[in-house]
Amino acid sequence: MSILVENISKKFGSFQALDRVNLEIKNGSLVGLLGPSGSGKSTLLRVLAGLELPDSGRIWLEGQDATQMKLQDREIGFVFQNYALFPHLTVFENIAFGLEVKNLDSLLKKQRVQELLKLMQLEKFGNCYPNQLSGGQRQRVALARALAVEPKVLLLDEPFAALDAKIRKQLRSWLRELHHQISVTTVFVTHDYAEAMELAQEIVILEKGQILQIGTAQELSDHPTNSFVEEFLELNKD
Ligand SMILES: Nc1ncnc2c1ncn2[C@@H]1O[C@H](COP(=O)(O)OP(=O)(O)OP(=O)(O)O)[C@@H](O)[C@H]1O
């Protein structure tokens, strides 16, 4: 699904979290929102999800005005930094939970969960409980649950931030491969330059609620259009 963000502004009290943001996200792309803490990345993602209403501007999903549409009507999967799995449900049940809202018969549901377990390389863990899994495995379960309903957009808010560097790196290449396989339009938030560089086809740099530059990793590092981008990329290189 394509996404068009048109002149979106959002204030919290007197704080301008988003300031006239315009952004076009093509169907099937993998886009990273990158910027320092407080730059508005999560707010933009939450506005896309319908978890936050903008003060002004519009969100278009596949050409349809979705500005006032609720999360459950947007066909969006959302994954947060902390996996938020149900501890008393098995991996299988956690993934199936996403399907409860759909009126599928139990055989189809079972098949869909099995497919997702396979896709996430978690076949062996269907009967385990979240506390028997590593952080990386839990985050894959969270992704599987988000994908269970076959969303048209996947929104990821710092999905790997709570994990250690090695696992984070593994999950990045795994997510890239997954996106290659399923091509669902994906927008992820990160403050990690390396993560954005390695994962995103297109990187959006935010600062103080505004988009400073949009480009591929190569374009940004070769031609930063202003000194903030240049310094931010330089500072966060390693
Ligand atoms: N619900 C809210 N109420 C009040 N202020 C908020 C709310 N949500 C976000 N903010 C403020 O808006 C600013 C932007 O927040 P946001 O979470 O979008 O930034 P971010 O770029 O994702 O930062 P971080 O990397 O630290 O998560 C922050 O200063 C935050 O305190």
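Treat the numbers as computed from the prediction; the structure is a model and nothing was measured.

Undergrad: Looking at this structure, how should I read the environment of Phe92?
TA: Here Phe92 is to be found in helix α2 (residues 91-97). Through-space distance from the C-alpha of Phe92 to that of Val31 is 29 Å; in sequence the pair is 61 residues apart.

Undergrad: Is there a simple way to explain the site of the ligand in this structure?
TA: The local shell around the ligand holds 13 residues, among which Phe12, Ser37, Lys41, Ser42 and Thr43 are the closest. With 3 residues, the single largest contributor to the shell around the ligand is helix α1 (residues 41-49). Classifying every residue of the shell around the ligand by side-chain character gives 4 nonpolar, 8 polar and 1 charged.

Undergrad: Would you explain the pairing of strand β3 (residues 30-34) in this entry?
TA: For β3, a buried count of 5 out of 5 residues is recorded, marking the element as mostly surrounded by other parts of the structure. Across the two faces of β3 the burial is the same, with Leu30, Gly32 and Leu34 and Val31 and Leu33 all buried. Across 4 bridges, the pairing between β3 and strand β9 (residues 202-207) is parallel. By the bridge assignment for β9, Leu34 is matched with Ile205.

Undergrad: Looking at this structure, how should I read the nonpolar core?
TA: Looking at soluble globular proteins, one finds that nonpolar side chains tend to be buried together. Core analysis: the largest hydrophobic core is formed by 68 residues, its most contacted members being Ile95, Ala144, Leu155 and Val204. Sort the elements by how many residues they give to this core and helix α4 (residues 135-148) lands first, with 7 residues. Built from parts of two domains, this core gets at least three residues from each of domain 1 (1-75 + 153-238) and domain 2 (82-150). When neighbours within four sequence positions are excluded, Ala144 is seen to be in contact with Ile95, Leu116, Leu117, Met120 and Leu122.

Undergrad: Before we go on, may I ask you to explain the domain arrangement of the protein chain in this structure?
TA: The extent of an interface is frequently quoted as the accessible surface area lost upon association of the parts. Domains assigned within the protein chain are domain 1 (1-75 + 153-238) and domain 2 (82-150). The centre of domain 1, based on its C-alpha atoms, is set 25 Å off from the matching centre of domain 2. Taken together, the contact pairs 8 residues of domain 1 with 5 residues of domain 2. Looking at which element gives the most residues to the side of domain 1 that touches domain 2, the answer is helix α5 (residues 165-182), with 3 residues. Per-class residue counts for the side of domain 1 that touches domain 2 are 7 nonpolar, 1 polar and no charged.

Undergrad: Looking at this structure, how should I read the confidence of the model for the protein chain?
TA: Predicted coordinates in areas of low pLDDT are best not read in detail. Per-residue confidence for the protein chain gives a mean pLDDT of 90; residues scoring 70 or more make up 98%. Of all helices and strands in the protein chain, the one with the weakest mean pLDDT is helix α8 (residues 227-235) (85), whereas strand β1 (residues 3-12) scores best (98). Interface scoring of the predicted complex returns ipTM 0.94; its pTM is 0.91.

Undergrad: I would appreciate a short explanation of the sheet that holds strand β5 (residues 64-65) in the present structure.
TA: Strand pairing in a sheet relies on backbone hydrogen bonds. The paired strands run either parallel or antiparallel. Overall, antiparallel pairing links the 4 strands, which are arranged β2-β1-β4-β5 in an open sheet. The open sheet is flanked by β2 (15-25) and β5, the only strands paired with a single partner. Alignment of β1 against β2, held across 7 bridges, turns out to be antiparallel. For Lys11, the partnering residue across the bridge sits in β2 and is Gln16.

What counts as what
Residues numbered from 1 in each chain as written. Predicted model: local features only at pLDDT ≥ 70, side-chain atom pairs only at ≥ 80, totals over all residues. Helix = DSSP H or I, 4+ residues; strand = E, 2+ residues; numbered from the N terminus. Near = placed C-beta within 6 Å. Nonpolar A, V, L, I, M, F, W, Y, C, P; charged D, E, K, R; others polar. Buried ≥ 20, exposed ≤ 12 C-beta atoms within 10 Å, placed from the backbone. Pairing = 2+ DSSP bridges. Core = buried A, V, L, I, M, F, W, Y, C linked by C-beta atoms within 7 Å. Domains from an automatic or database assignment. Contact = placed C-beta atoms within 7 Å. pLDDT = per-residue confidence, 0-100.

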